[in-house]
Amino acid sequence: MATYIRSIGQGLKNNIGIILLLVFIWVLLVEQFSLRAFLTGLFVSITVVFFTNRFLLEENYQRKYIIGLITFLEYGLRLFKGIWVSGFSVIPHILSGKADVQIITCETKLTDELLVNILANSITLTPGTVTVDKKGSRLQVLALNPPAEDENARDVIPYKLEKVLLRYEKSANRKA
Amino acid sequence: MSQWITLAGNIIIIIGLVFMTLGVLGIYRFNDYFSRILITSKVDTVGFLTIMVGFIIKHGLDFFSGKIVLIVALYMITNPIATHAITRSAHISGYRIKKER
Amino acid sequence: MNFDEIVLIIVALLSVFELGRVLIGPTIYDRMLGFAVFSSKVIVTAVIIGTINERTFFLDIALIYGVLGFISTIMLSRFVERRGDI
């Protein structure tokens, strides 16, 4: 019994970041800065994290799904800027009404599943490219103005975003 | 000072409205489905994000803009998954316009 | 007339004009695309109404509508992709 309780405490201590994030969202939804709202949010988020850890994942939640605060902020700002710039570059195609679209197969340098998924979702979010299918680290991308036959097929991937994720993957591998 | 902040918010909202109008205009201009989803739906996303940034600037720092940040985070997570699901369904069902490589 | 009310009227006109793609779309994917674009317009409309009335519960409505539109789009595309077998 004692070891059981100690393992629960260890599991909650490993997930302190995600619990604080959930408490912040709870306070935002209730719209009060009071002790009662904070305690209720703490109770609810500890229950949620405990049950998810125990019955759904059977693994550490935070190490599997959180990519680090600084990496997250830098990635979000770069993604926002990329969306804006591509949005301006798409406008002449709308006004003229002509488009040349094609499906291209290309390959990323990332190997981790979660990071490849994040990269594919941000490729979909920028105007001009949509990810159609993914198998391992090979992506099928539907692209506007595709690179010609003799050019590099990797031109459809945003290089700067991939570089941020590559740096994070290397540091995580060294730590583990 | 506060009227300058309101003016900046209004200008950003007008830019977002222009993007959204271009998206709705483009939905009638193309002939095949792939061009439509590639250009139109994504320009509409740019308009949505810009209008939300304008409202956050106009409200300042309170619970209202915090909730708008929650809505933007939810939209940025769920919107690419929905677009990918529709396009993958069209691709698997055999909708082709050109030879792929 | 206020600035926010003019923005509200423009967004409402755009959403009505956009529903034509749902009516005339040749393939079923065009109709699903029209529905996805329409649901983002509804979220913007709810946020503007909350700004005009100074009430925050309209934002909860926008949050719930986002979740519902996402789930219905995913379920419809799965239904079409597997030809009726979810």
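Everything quoted here is computed from the prediction, not taken from an experiment. (Residues numbered from 1 in each chain as written. Chains lettered and ligands numbered in written order. Predicted model: local features only at pLDDT ≥ 70, side-chain atom pairs only at ≥ 80, totals over all residues.)

1. Digging into the confidence of the model for chain A
- Residues of chain A with pLDDT of at least 70 account for 90%, and the chain-wide mean is 80.
- Mean pLDDT across the elements of chain A ranges from a minimum in helix 4 (residues 61-65) of chain A, with 61, to a maximum in helix 2 (residues 16-30) of chain A, with 87. (pLDDT = per-residue confidence, 0-100. Helix = DSSP H or I, 4+ residues; strand = E, 2+ residues; numbered from the N terminus.)

2. A look at the UniProt feature "transmembrane region" (unreviewed entry) in chain C
Residues and elements named next belong to chain C.
- UniProt records the feature "transmembrane region" (unreviewed entry) for residues 6-24, 33-52 and 58-80 in the present numbering.
- Counting secondary structure, residues 6-24 comes out at 95% helix and 0% strand; the distance between its end C-alpha atoms is 29 Å.
- The annotated region residues 33-52 carries 100% helix and 0% strand content, and the separation between its end C-alpha atoms amounts to 30 Å. (UniProt positions renumbered as here; feature names shortened; annotations may be inferred.)

3. What to know about helix 1 (residues 2-26) of chain B
- The end-to-end C-alpha distance of helix 1 of chain B is 37 Å, a good match for the 36 Å that 25 residues give at a rise of 1.5 Å each.
- Along its buried surface, helix 1 of chain B packs onto helix 5 (69-96) of chain A, helix 2 (33-59) of chain B together with helix 1 (3-18) of chain C. (Expected span 1.5 Å × (residues − 1). Contact = placed C-beta atoms within 7 Å.)

4. Focus on helix 1 (residues 2-14) of chain A
- Helix length check: helix 1 of chain A (13 residues) gives 19 Å between terminal C-alpha atoms against 18 Å at 1.5 Å per residue, within 8%.
- Within helix 1 of chain A, only zero of the 13 residues are buried, which leaves the element largely exposed. (Buried ≥ 20, exposed ≤ 12 C-beta atoms within 10 Å, placed from the backbone.)

5. Comments concerning the packing of helix 2 of chain B against helix 3 (residues 63-92) of chain B
Residues and elements named next belong to chain B.
- Following both chains from N to C, one finds helix 2 and helix 3 inclined at 175°, their axes separated by 10 Å at the closest point. The angle between helix 2 and helix 3 places the two elements in the roughly antiparallel class. Residues Tyr33, Ile37, Ser41, Thr45, Phe48, Leu49, Met52, Phe55, Ile56 and His59 of helix 2 touch helix 3, and the partners they reach there are Phe64, Ser65, Ile68, Val72, Tyr75, Asn79, Thr83, Ile86, Thr87 and Ala90.
- Here the contact of helix 2 with helix 3 is built from residues that sort into 13 nonpolar, seven polar and no charged. (Axes fitted to C-alpha atoms, helices over the stretch in contact; angles between N-to-C directions. Parallel < 35°, antiparallel > 145°, perpendicular 65-115°, else oblique. Nonpolar A, V, L, I, M, F, W, Y, C, P; charged D, E, K, R; others polar.)

6. Comments concerning the UniProt feature "transmembrane region" (unreviewed entry) in chain A
- Mapped onto the present numbering, the UniProt feature "transmembrane region" (unreviewed entry) falls at residues 12-29 and 35-57 of chain A.
- Segment residues 12-29 of chain A splits into 94% helix and 0% strand. End C-alpha atoms: 23 Å apart.

7. Description of the interface of chain C and chain B
- Tallying the contact residues gives 30 residues for chain C and 31 residues for chain B.
- Counting residues per element, the ones that place at least two in the side of chain C that touches chain B are helix 1, helix 3 (28-53) and helix 4 (57-81) of chain C.
- When residues of the side of chain C that touches chain B are assigned to their parent elements, the largest contribution, 11 residues, is made by helix 3 of chain C.
- Along the lines of polarity and charge, the residues of the side of chain C that touches chain B split into 19 nonpolar, seven polar and four charged.

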